[in-house]
Amino acid sequence: KCIRKDVVIENDSLASLKLEKEILYNIEHPFIVSMDYFSKINSEFSSSWTLLKVVSCLDIWLNKKIPRGVRLHDDCLIAIALGHLHKQSIVYRDLKPENVLFNRDGYLLLADFGLATKVEKGKLATSFCGTAEYLAPEMLKG
C-alpha cells in the first residue's frame, strides 16, 4: 500500500496513518493482513509512506457466487478477526466487501486499517466515519 505525502497532508491524516502502521505492525492473526515492511521515502519532489504485505488475494466483492455454507464460514472468520481486534481495544470501523480478501488457501484476510482506532477501556468510539454505502443505520440516525 503506497500513500502519497501530499494526500496525507491534504486530508490531515498523518495521525491515522501512524495508528494504521502501529496496528498492522503489532497484529498477528491468521485472518488479518499483517505488515511485512514499512518505509518512508524522502526526495526533493515527494515523499511517500509505504506499507507492504505480499499476498495473492481475491476480494470477496469479486466472488459473488459463494455457496451459503461457505459464506457462513467466512462470516465466522470475520467475527473471529474482529473479536481478536476488540480484545486489543481496536475498533475496525470499515467493514465492507472490498476490505475482505481471500488468500491462496481460501481463508479470508481483513485488510485496510485506515479508519481503525484504539479505544480506552470504558470509552466509546463516537466519531462519524466509514464508507457511506456500508454505514450502520444507527450511525445514520446519530
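Every chain begins its residue count from 1, and numbering advances along the sequence as written. With pLDDT at 70 or above as the cut-off, local features in this predicted model cover only qualifying residues; side-chain atom pairs require 80 or more to be listed or tallied, and sums for whole chains, interfaces and linings still use all residues. Each side-chain value is derived from all of the structure's non-hydrogen atoms; neither hydrogens nor water enter the calculation.

Asker: With reference to specific residues and values, describe the overall build of the chain.
Answerer: Strands are runs of DSSP state E lasting at least 2 residues, helices are runs of H or I lasting at least 4, and numbering of each runs from the N terminus. Within the chain one finds four helices and eight strands. Along the chain, helices (α) and strands (β) appear in the sequence β-α-α-β-β-β-α-β-β-β-β-α when read from the amino end. The 142 residues of the chain split such that 33% are buried. On the chain, roughly 9,700 Å² of surface is accessible, and the fraction owed to carbon and sulfur atoms is 56%. For every residue, the accessible area (1.4 Å probe, protein chains only) is compared with the maximum for its type, and the residue is labelled buried under 20%, exposed over 50%, or partly exposed between those bounds. Computed with a 1.4 Å probe, the accessible areas rest on the Shrake-Rupley method; for each residue, only the protein chains presented here act as cover.

Asker: Help me get a handle on unusual backbone geometry, residues and values and all.
Answerer: Even without glycine at this site, Ser89 takes up a positive phi of about 60 degrees. On the secondary structure map, Ser89 appears in the loop between helix 3 (68–87) and strand 5 (90–91). A relative accessible area of 23% means that Ser89 is categorised as partly exposed. We note that Arg93 has phi near 65 degrees; this positive angle belongs to a residue other than glycine. Locating Arg93 in the fold gives a position in the loop between strand 5 and strand 6 (100–102). You can call Arg93 partly exposed: its relative accessible area is 26%.

Asker: Please set out the packing of aromatic side chains residue by residue, giving values where relevant.
Answerer: The description of an aromatic ring pair rests on the distance of the ring centres and on the angle between the ring planes. Any two rings among Phe, Tyr and Trp, with Trp reduced to its six-membered ring, count as a pair given centres within 6.5 Å; such a pair is stacked if its planes are under 30 degrees apart, edge-to-face if over 60, and tilted if neither. Using the criterion set out here, one finds two aromatic pairs in the structure. Here Phe31 and Tyr107 contribute two aromatic rings whose centre-to-centre distance is 6.1 Å and whose plane-to-plane angle is 20 degrees, an arrangement assigned as stacked. With a gap of 76 residues between them, Phe31 in the loop between helix 2 (14–26) and strand 2 (37–42) and Tyr107 in the loop between strand 6 and strand 7 (108–110) connect regions that are remote in the sequence. For Tyr107, a relative accessible area of 38% translates into the label partly exposed. With centroids separated by 5.1 Å and ring planes inclined at 75 degrees, the aromatic side chains of Tyr92 and Phe113 adopt a geometry described as edge-to-face. Of this pair, Tyr92 sits in the loop between strand 5 and strand 6 while Phe113 sits in the loop between strand 7 and strand 8 (117–118), and the two are 21 residues apart along the sequence. Here Tyr92 falls in the buried class, since its relative accessible area comes to 2%. Classification of Phe113 by relative accessible area gives buried; the value is 0%.

Asker: I'd like a description of the pattern of salt bridges, backed by residues and values.
Answerer: It is possible for side chains bearing opposite charge to pair when their charged atoms get close. Criterion for a salt bridge: a side-chain nitrogen of Lys or Arg within 4 Å of a carboxyl oxygen of Asp or Glu. One pass over the structure, following the stated rule, counts two salt bridges. Where Glu22 meets Lys118, a salt bridge forms, and the shortest distance between an N and an O atom there is 3.2 Å. Pair noted here: Glu22 is in helix 2 and Lys118 is in strand 8, with a separation of 96 residues, a long-range link. Relative accessible area serves as the criterion here: at 35%, Glu22 is assigned to the partly exposed category. We classify Lys118 as partly exposed; its relative accessible area is 44%. Between Lys96 and Asp94 there is a salt bridge, with its nearest N and O atoms 3.9 Å apart. Since its relative accessible area comes to 17%, Lys96 is described here as buried.

Asker: For the confidence of the model for the chain, give the residues involved together with the corresponding values.
Answerer: Per-residue confidence from the predictor is reported as pLDDT, a score between 0 and 100. Per-residue confidence for the chain gives a mean pLDDT of 77; residues scoring 70 or more make up 76%. Mean pLDDT across the elements of the chain ranges from a minimum in strand 3 (residues 47–52), with 52, to a maximum in strand 5, with 92.

Asker: Which residues make up the nonpolar core, and what values go with them?
Answerer: We define the nonpolar core as a collection of buried residues of types Ala, Val, Leu, Ile, Met, Phe, Trp, Tyr and Cys that are connected through side-chain atoms lying within 4.5 Å of one another. Ranked by size, the top nonpolar core spans 20 residues in total, and within it Ile23, Ile32, Leu85, Leu108, Leu110 and Phe113 carry the most contacts. For this core, the secondary structure elements donating two or more residues are helix 2, helix 3, strand 6 and strand 7. The element contributing the most residues to this core is helix 3, with five residues. What makes two residues a contact is simply this: any of their non-hydrogen atoms within 4.5 Å. In contact with Ile23, not counting residues within four places along its chain, are Ile90, Phe113 and Ala116.

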